[in-house]
Amino acid sequence: MAGRVRWGILGTGKIASDFTSALRMSDNAIVAAVGSRTQSSADEFARVHGIAKAHGSYEALVADADVDAIYVSTPHTGHKDATLLALKNKKHVLCEKPMAMNLKEVKQMVELARSSQLFLMEAMWTRFFPAYDHIRKMIKEGTLGEIKALIANFGFKHTGKVERLYNPELGGGALLDIGIYPLALAFDVFGCKPSRIQATGHRMDTGVDETVSFTLEFQPGQFASIFTTFSCDTPCDAVIMGTKGSVRVHKPMWHPQDITITIDGKEEHKSFPAPAPPSDFPSMYFDSTGMVYEAQAVSECILKGQTESELMTLEHTLAMAQTLDELRRQVGVVYKQDS
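Residues numbered from 1 in each chain as written. Predicted model: local features only at pLDDT ≥ 70, side-chain atom pairs only at ≥ 80, totals over all residues. Heavy atoms only, no water.

Caption draft 1: Just the pattern of salt bridges, in detail. Applying the stated rule across the entire model yields 22 salt bridges. Here Arg-47 makes a salt bridge to Glu-44, at a shortest N to O gap of 2.7 Å. Here Glu-44 and Arg-47 lie together in helix α2 (residues 39-49), a separation of three residues that amounts to about one turn. Arg-47 gets classed as exposed once you look at its relative accessible area, which sits at 58%. In this structure Glu-44 comes out as partly exposed when scored by relative accessible area, which is 39%. With a shortest N-O distance of 2.7 Å, Asp-188 and Arg-136 are connected by a salt bridge. One end of the pair, Asp-188, is in helix α7 (residues 174-190); the other, Arg-136, is in helix α6 (residues 130-141), with 52 residues separating them in the sequence. Given a relative accessible area of 18%, Arg-136 falls into the buried group. Bridged by salt links that share partners, the residues Arg-6, Lys-53, Asp-64, Asp-66 and Asp-68 form one connected network. (Salt bridge = Lys/Arg side-chain N within 4 Å of Asp/Glu carboxyl O. Helix = DSSP H or I, 4+ residues; strand = E, 2+ residues; numbered from the N terminus. Buried < 20%, exposed > 50% of the residue type's maximum accessible area, 1.4 Å probe, protein only.)

Listed below in structure tokens is the structure:
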């Protein structure tokens with residue numbers, strides 16, 4: 001690898017485009033190849049991003065000797081198979097969230113990565129933002145006192161035009177698509193699995209969840225209250241409350257630039273601006289330059305020979321998958337992968 005991880009991009013959708021652009025901004029990675037289910041799609045993606053190699057199948061991509069690591073960006077239902085394919089070909093893997101459709105699938109992926117001594121991480125880019133680095137530091141130093149509560153929400157009104165949001169065959173539903181962000185924040189804040197889970201929700205005609213409201217209890221007296229929906233726009237913010245103070249993570253809480261800290265009634269505002277994009281930065285999503293924090297961190301882990309990230313551990317991914325399974329059970333959402 002000689003100081004830079006050689007990445008292969010598996011999938012050519014919008015999120016793959018933005019992560020590829022982020023990799024180009026990092027100083028410890030290069031994008032060596034892209035793979036798609038069709039040669040034409042791979043060729044076009046390679047043209048847009050200036051990638052030397054374009055493969056017309058996932059199998060060809062993971063077999064490429066000039067690739068060290070694979071970024072999996074297929075629809076949710078394809079995450080497990082694509083990740084296992086890459087791991088079996090001795091490639092490190094960063095897999096988009098959710099890691100897989102359920103705990104059963106996630107366990108298969110983690111077991112193979114661990115037995116193969118290969119890096120694997122769920123691509124929770126949120127966790128790598130400087131705003132959350134600052135919040136973790138405050139929590140560790142006791143600035144907020146003992147953390148007692150988290151209130152977070154993430155919702156928008158879907159138009160019906162994006163099929164993956166509502167189609168169960170593509171892993172649709174608010175929980176797996178956007179609810180996972182405030183859920184991951186709860187795990188980050190409290191650092192353990194919830195001891196109690198209570199959820200209610202509403203399903204679409206397709207059977208996937210449109211809205212879910214849930215409460216998690218962690219240690220006694222520590223609660224997270226989370227709301228996620230495709231039915232309406234929400235503030236998309238989060239508030240972390242402790243015995244000495246609180247911090248509000250302003251919209252967008254899944255890639256924040258602004259927080260407000262309140263201690264003894266006094267407010268302090270802090271900003272963490274996203275990196276400015278290069279002039280030739282192809283971007284599909286707002287402020288996606290923030291993916292560079294995750295891209296840089298993962299490449300660093302791989303270069304150091306680590307098999308998982310200390311910031312986004314496999315144990316957190318396993319615990320989140322277990323929690324998502326229980327939330328779906330209570331709301332009545334079942335995928336074919338659950339059988």
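There is more to say after this.
Caption draft 2: Here's a closer look at the packing of aromatic side chains. Per the stated rule, a full pass over the model turns up nine aromatic pairs. Measuring from ring centre to ring centre gives 4.1 Å for Phe-19 and Tyr-71, while their planes differ by 25°; the resulting arrangement is stacked. With a gap of 52 residues between them, Phe-19 in helix α1 (residues 14-25) and Tyr-71 in strand β4 (residues 69-72) connect regions that are remote in the sequence. The two residues Phe-19 and Tyr-71 agree in class, both being buried. A ring pair is formed by Phe-129 and Tyr-293, whose centres lie 5.3 Å apart and whose planes are at 70°; its orientation type is edge-to-face. A residue pair is termed long-range when its members are at least 10 positions apart, and Phe-129 in the loop between β6 (120-123) and α6 and Tyr-293 in helix α8 (residues 291-303) qualify at 164 residues. The exposure class of Phe-129 is buried, given its relative accessible area of 2%. Each member of the aromatic cluster is reached from another via a ring pair, and the members are Trp-7, Phe-19 and Tyr-71. (Phe/Tyr/Trp six-rings, centres within 6.5 Å; stacked < 30°, edge-to-face > 60°.)

Caption draft 3: Seen up close, the sheet that holds strand β3 (residues 53-55). Strand order in this open sheet of six strands is β3-β2-β1-β4-β5-β6, and the pairing throughout is parallel. Two strands lie at the open edges of the sheet, namely β3 and β6, each paired on one side alone. Strand-to-strand twist of the sheet, defined as the mean angle between neighbouring strand axes without regard to direction, takes the value 25°. (Pairing = 2+ DSSP bridges. Axes fitted to C-alpha atoms, helices over the stretch in contact; angles between N-to-C directions.)

Caption draft 4: The arrangement of helix α4 (residues 79-88) in detail. Burial analysis of α4 places seven of its ten residues in the buried class, which makes it a mostly covered element. Where α4 is concerned, the buried positions are His-79, Lys-80, Ala-82, Thr-83, Leu-84, Ala-86 and Leu-87. In this fold, the buried residues of α4 make contact with β1 (5-10), α3 (58-62), β4, β5 (92-96), α5 (103-116) and β6. At the C-terminal side of α4, Lys-90 shows a positive phi close to 65°. (Contact = heavy atoms within 4.5 Å.)

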